[in-house]
Amino acid sequence: MIGELTLRTEPYPEYDGTPTDSDLLSIARAEDITDISPTALSVYSLLTWMMDPPIFIDEFSLEPKPWVAESWEVSEDGRTYTLKLRDDVTFHDGSPCTAEDVAWSFVAYRDDPDSGVARFFVLMEEDPVALDDTTLEVTLSSTSGDFLSNTCNQFIMQKAQYEEYWNTNKTLTGYDWVANPMIGTGAWKQVDYKPDEGIFEMARNENYWVATPNFERFIFRHIENPANRILAWKNDELDVLWPISATDIDQVKDDEAWLYSAYAVAFMNAWINFENPAVDVADKLAPKKVRQALMHAIDRDGYAEAIFQGFVDQNAYGSIAFPWAYKEDVVRYDYDPDTALALLEEEGWTMDGDRLVNADGNQLTLQAITSTANGYPVDKIAESVQEDFRQIGIDMTLDRLEPAALRDRWRVSRDFDLIFSARILFAGFSDYTYYHSSFVMSENEQGRNSGWRNDEADELLDQIIREPDLEKQKELLYAFQDVIADDLPALWFGFPRDLILVKKNILGYQPNSMWQYWNTWSLWRQEG
């Protein structure tokens, strides 16, 4: 218990009692709903409620499992996938969901210029083929390491709803969902959409093939300000609230509720820029020992308690936040300022009073940037790290930037040393462009790599993205994690836990590492 909050940490919670029908479910999040295009994938929550993917991702293990596609086969050469669909899945208008709808959806995700997931379809050079109503064949140009986990986890759109608009515009951007409600196969059906007010109302899909939802109606509200979301919770306007931060707990702990601490497919770090054009000391972060020293200088337990109140795995290194593929036994960096200073001295940096300087008397300075809109409190981690570095004579300046300004600084001017960030991941590995040397931003405008080059990593990455066997891919990811823990393209801050508030009379909540609001059909209200 934390105050009146009952803490739950089970990956698959169990509940007593029998689900009963209730009138209204209310949920809020900072999720702008002015553009709800499925291909753009900018409003994920609504899509999880109204649509289904061919293949589901297990809520905790993140392994692919049958969903609308009840089975699949892979050819001997690993390039052709044959998906067998269920024959009992229907769209909200009663029409059957067929292989033709899945094929059309895949093409739209690949070809829409505003697609948020086009990178998952680059190997699908040929259009998929519906062999019959329940059989889809997809042939790739080469083997893929994430076809099942990432490509087949995108949502199925109804071809009949969008075909005419698509043929004219070749994008779903600009489609009028106010006049033409979104038709999906999911648990909820669009009833009222007020994009200017941030309100989206749904009714339950009585014919949902998984299970009929226990609430008749469902209202989602876009509430941008975290304080306003907490206020709505305290005023009993919400049944479920995600995300909340550990620092929010003091504001809500006096009222009875469930507090779920759930696994999140997310990591926190500070990417290192090896090509800062405004650098004061050339190649100051190039020596591996300097980067390793910075890792030893960080008091992870300190920020874990002060910022997260323990709801974080602060000692998880790297970006492979998949339970099936994460490797724990990599090189460790215990908090040890003396070790940090010893490593720095080997690279020519010594203490001069309270300043860490090189042979020319130049202090080691770092320019850090971070967003004002991070999903996790990495700005607070940056403040903690700033103080840790000060203790060993390093002067780190921190700039907080609006998202557009941050993107320009990160990708265009690139005048920084560290960018503190957090990322929510897809179910399969999709960070190739952050690591591979062919995607260094100064040489490739599609890249996200700030100048880190490692030949062993490149070789492993080329195998990871082409290995369809998850067991073999896991071994490759293990080796890759050894590399990024040792050669450090970034400073690693761990994997955060997701915190979800659920009213005490709401049962059936199932944490979902992909998206904590996904399984709303299983919720019910306990009366009395």
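Residues numbered from 1 in each chain as written. Predicted model: local features only at pLDDT ≥ 70, side-chain atom pairs only at ≥ 80, totals over all residues. Heavy atoms only, no water.

Engineer: What exactly am I supposed to notice about the pairing of strand β8 (residues 135–139) here?
Structural biologist: Within a regular strand, side chains alternate between the sheet's two faces. Among the 5 residues of β8, 4 are classified as buried, and the element is accordingly described as predominantly covered. The pairing of strand β6 (residues 80–85) with β8 spans 5 bridges and is antiparallel. Residue pairing in the sheet places Lys84 in a bridge with Thr135 of β8. Across 3 bridges, strand β7 (residues 129–132) lies against β8 in antiparallel orientation. Counted as the bridge partner of Asp132 is Thr135 from β8. The hairpin formed by β7 and β8 contains 2 residues between the paired strands. (Buried < 20%, exposed > 50% of the residue type's maximum accessible area, 1.4 Å probe, protein only. Helix = DSSP H or I, 4+ residues; strand = E, 2+ residues; numbered from the N terminus. Pairing = 2+ DSSP bridges.)

Engineer: Before we go on, may I ask you to explain the pairing of strand β9 (residues 188–194) in this structure?
Structural biologist: With 6 bridges joining them, β9 and strand β10 (residues 199–204) adopt antiparallel strand pairing. Pairing of Tyr193 across the sheet is with Phe200, part of β10. In this antiparallel pair of consecutive strands, β9 and β10, the connection spans 4 residues, and Gly198 shows a positive phi of 70°.

Engineer: What is the right way to look at helix α6 (residues 288–296) in this model?
Structural biologist: With 7 of its 9 residues buried, α6 lies for the most part within the structure. Taken together, the buried positions of α6 are occupied by Val290, Arg291, Gln292, Ala293, Leu294, Met295 and His296.

Engineer: I keep staring at helix α13 (residues 470–486) and nothing clicks. Help me out?
Structural biologist: Helical geometry: 3.6 residues make up each α-helical turn, so side chains three or four residues apart lie on a common side. Taking 1.5 Å as the rise per residue, α13 with 17 residues should run 24 Å; its terminal C-alpha atoms sit 24 Å apart, in good agreement. If you check which residues of α13 are buried, you get Gln473, Lys474, Leu476, Leu477, Phe480, Gln481, Val483, Ile484 and Ala485. Residues of α13 that are buried make contact with α11 (432–435), α12 (455–464) and β21 (490–503). The residue sitting at the N-terminus of α13 and contributing the capping side-chain oxygen is Asp469; that oxygen lies 2.9 Å from the backbone nitrogen of Glu471. Looking at the residues trailing α13, positive phi occurs at Leu488, about 50°. (Expected span 1.5 Å × (residues − 1). Contact = heavy atoms within 4.5 Å. Polar contact = N/O pair within 3.5 Å; in protein donor to acceptor, adjacent residues only side chain to side chain.)

Engineer: Please clarify how the sheet that holds β7 should be interpreted in this entry.
Structural biologist: Across a sheet, paired strands are connected by hydrogen bonds in the backbone, their directions being either parallel or antiparallel. Taking strand neighbours across the sheet as the criterion, the 4 strands line up as β5-β6-β8-β7 in an open arrangement whose pairing is antiparallel. Sheet topology places β5 (69–74) and β7 at the edges, where each strand pairs with a single neighbour. Direction aside, neighbouring strands of the sheet carry axes that sit 25° apart on average. (Axes fitted to C-alpha atoms, helices over the stretch in contact; angles between N-to-C directions.)

Scope: geometric values only; no functional claims are made or implied.
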